[in-house]
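Read off the chains here:
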Amino acid sequence: MGRTAAEDRRRAMAGPLPRRAPGPRYKWVALSNTTLGVLIATINMSVMLIALPDIFRGIGVARSGPATPDCCCG
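Residues numbered from 1 in each chain as written. Predicted model: local features only at pLDDT ≥ 70, side-chain atom pairs only at ≥ 80, totals over all residues. Heavy atoms only, no water.

**What about the overall build of the chain?**
Helix and strand counts for the chain stand at two helices and zero strands. The proportion of buried residues among the 74 residues of the chain is 0%. A total accessible area of about 7400 Å² is found for the chain, and carbon and sulfur atoms account for 65% of it. (Helix = DSSP H or I, 4+ residues; strand = E, 2+ residues; numbered from the N terminus. Buried < 20%, exposed > 50% of the residue type's maximum accessible area, 1.4 Å probe, protein only. Areas by Shrake-Rupley, 256 points an atom, 1.4 Å probe, with all protein chains shown as cover.)

**A few points about the pattern of salt bridges**
Oppositely charged side chains may form a pair once their charged atoms are brought near each other. Applying the stated criterion to the full structure yields one salt bridge. The partner of R57 in a salt bridge is D54, with the nearest N and O atoms 2.6 Å apart. A residue pair is termed a helical-turn pair when its members lie 3 or 4 positions apart in one helix, as R57 and D54 do in helix α2 (residues 26-59) at three residues. (Salt bridge = Lys/Arg side-chain N within 4 Å of Asp/Glu carboxyl O.)

Have a look at this one:
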């Protein structure tokens, strides 16, 4: 059976549940998530760097050297 309205009110008035201390595997889960995120970001940047010439060619933009603003070069 489901909970009654009185039980729901009692739980709402009791406040949030107390926090538990992280388990012994928490640091390894956090480390593996961070490592996987850095790996994916590195692969993504490598793919972008390899694909940039084709992207420039596809949209008709000429690839040039480093940009130097005319207003700052006195």
